[in-house]
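Listed here are the chains, written in short residue letters.
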Amino acid sequence: MAMSQLSGRQSLRDIESNLEAQQEKLYHLGAKPIARSSLARLNEKQPATLYESVFYQLLYHCKNQPSKHKFRFKNSLFSLDASAIDLSLKLFPWAAHQPHAANVKLSAGLNHGNWIPEFVALSDGNENDRVQGRKFTFPKGSIIAFDKGYNDYGWFKSLTDQKVSFVTRLMTNAVYDVLEHLPVITRRA
């Protein structure tokens, strides 16, 4: 079942056909294809705590792996973004976004030090991105990059007061005054 989850299988029939297609590889692992009825029985009786335990073991393992990207920041770098996840209106009428569509919004703060989302929230598809974004508490000294959907000057001040830096684009109708121009410092490698 774990292999099926990791390979993105959608149904018991999909799992069964994938296992049949991989017979040669299964043979080398000392395994054989499993009937759909056996998979259904396993799925029904397997305790959710098993998968929870596997998740936390994988999370611990991933958090302790050094990152493979070449750039290094002295401070933690996070990306903050939200995505709409489309749902079937027939199956999820409570998630109606428009008269003919349903969705929920997934907001995530990705830590670039270990490539693991450290902040995640699921909300109503009609909700503005910045509502959940304001609820995340980033570590002091961290840097957050996000799009202009999170534009909220009160939140920007709050982040600054918490010693959290951020990078974003201004809205086209932003009102501002330039206080000072500074030269760009370039370094040669």
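## Remarks on the overall build of the chain
For step 1, the next point in the chain: Tallying secondary structure elements over the chain gives seven helices and six strands in all.
For step 2, the next point in the chain: Its C-alpha atoms give the chain a radius of gyration of 23 Å, more than 25% over the compact-globule value 16 Å for 189 residues.
For step 3, the next point in the chain: Once the C-alpha set of the chain is aligned to its principal axes, its extents read approximately 70 × 50 × 30 Å.
For step 4, the next point in the chain: Counting only residues that meet the buried cut, the chain has 25% of its 189 residues in that class.
For step 5, the next point in the chain: The contacts in the chain between residues at least 6 apart in sequence include a share of 36% that link residues at least 24 apart.
For step 6, the next point in the chain: When the accessible surface of the chain is summed, it comes to about 14500 Å², and 56% of that surface belongs to carbon and sulfur atoms.
For step 7, the next point in the chain: With 24 positive and 17 negative side-chain charges, the chain shows a separation of 6 Å between the mean positions of the two kinds.

## So, the packing of helix H2 (residues 12-21) against helix H4 (residues 36-45)
For step 1, the next point in the chain: Put simply, H2 and H4 touch, their axes get as near as 9 Å, and they point 125 degrees apart. By the angle between their directions, the pair H2 and H4 is classed as oblique. Considering how the two elements wind past one another, H2 and H4 form a crossing that is right-handed. When H2 is examined against H4, the residues Leu12, Arg13, Ile15 and Glu16 are found in contact with a partner set consisting of Arg36, Leu39 and Ala40.
For step 2, the next point in the chain: Considered class by class, the residues forming the contact of H2 with H4 number four nonpolar, no polar and three charged.

## Considering the pattern of salt bridges
Between side chains of opposite charge, pairing is possible as soon as their charged atoms come close.
For step 1, the next point in the chain: Counted according to the given criterion, the structure contains three salt bridges.
For step 2, the next point in the chain: Residue Lys105 pairs with Asp129 through a salt bridge whose shortest N-O separation is 2.9 Å. Taken together, the residues Lys105 in strand S3 (residues 101-111) and Asp129 in helix H6 (residues 129-133) connect sequence positions 24 residues apart.
For step 3, the next point in the chain: Relative accessible area serves as the criterion here: at 13%, Lys105 is assigned to the buried category.

## Topic: the packing of aromatic side chains
Two measures describe an aromatic ring pair: the distance that separates the ring centres and the angle between the ring planes.
For step 1, the next point in the chain: Tallied over the full model, the rule gives 15 aromatic pairs.
For step 2, the next point in the chain: With a centroid separation of 5.7 Å and an interplanar angle of 65 degrees, the aromatic rings of Phe146 and Tyr150 are classed as edge-to-face. We note that Phe146, like Tyr150, is buried.
For step 3, the next point in the chain: Among the aromatic side chains, those forming a connected cluster through ring pairs are Phe146, Tyr150, Tyr153, Trp155, Phe156 and Phe166.

## Description of the pairing of S3
For step 1, the next point in the chain: As paired elements, strand S1 (residues 77-87) and S3 share 10 bridges and run antiparallel to each other. Of the residues in S3, the one forming a bridge with Ile85 is Val104.
For step 2, the next point in the chain: Relative to S3, strand S2 (residues 96-98) runs antiparallel, the two being bridged by two bridges. Bridge pairing in S3 places Gln98 opposite Ala101.
For step 3, the next point in the chain: Between S2 and S3, which pair antiparallel and follow one another directly, the connecting turn spans two residues.
For step 4, the next point in the chain: Pairing of S3 with strand S4 (residues 116-124), which is carried by eight bridges, proceeds in the antiparallel orientation. Note on S4: the bridge partner recorded for Ala108 is Val120.

## Observations regarding unusual backbone geometry
For step 1, the next point in the chain: Positioned with a positive phi, Lys163 is a non-glycine residue whose angle comes to about 65 degrees.
For step 2, the next point in the chain: Inspection of the secondary structure puts Lys163 in the loop between helix H7 (153-161) and strand S6 (165-167).
For step 3, the next point in the chain: For Lys163, a relative accessible area of 53% puts it in the exposed group.

## Points about the confidence of the model for the chain
For step 1, the next point in the chain: Taken as a whole, the chain shows an average pLDDT of 83; of its residues, 92% reach a score of 70 or greater.
For step 2, the next point in the chain: Model confidence for the chain, summarised as mean pLDDT per element, is weakest for helix H1 (residues 2-6) at 64 and strongest for strand S5 (residues 143-146) at 93.

Conventions we followed
Residues numbered from 1 in each chain as written. Predicted model: local features only at pLDDT ≥ 70, side-chain atom pairs only at ≥ 80, totals over all residues. Heavy atoms only, no water. Helix = DSSP H or I, 4+ residues; strand = E, 2+ residues; numbered from the N terminus. Rg over C-alpha atoms; globule rule 2.2 N^0.38 Å. Buried < 20%, exposed > 50% of the residue type's maximum accessible area, 1.4 Å probe, protein only. Contact = heavy atoms within 4.5 Å. Areas by Shrake-Rupley, 256 points an atom, 1.4 Å probe, with all protein chains shown as cover. Lys, Arg positive; Asp, Glu negative; His and termini not counted. Charge placed at Lys NZ, Arg CZ, Asp CG, Glu CD. Axes fitted to C-alpha atoms, helices over the stretch in contact; angles between N-to-C directions. Parallel < 35°, antiparallel > 145°, perpendicular 65-115°, else oblique. Left-handed = near helix turned anticlockwise from the far one by under 90°. Nonpolar A, V, L, I, M, F, W, Y, C, P; charged D, E, K, R; others polar. Salt bridge = Lys/Arg side-chain N within 4 Å of Asp/Glu carboxyl O. Phe/Tyr/Trp six-rings, centres within 6.5 Å; stacked < 30°, edge-to-face > 60°. Pairing = 2+ DSSP bridges. pLDDT = per-residue confidence, 0-100.

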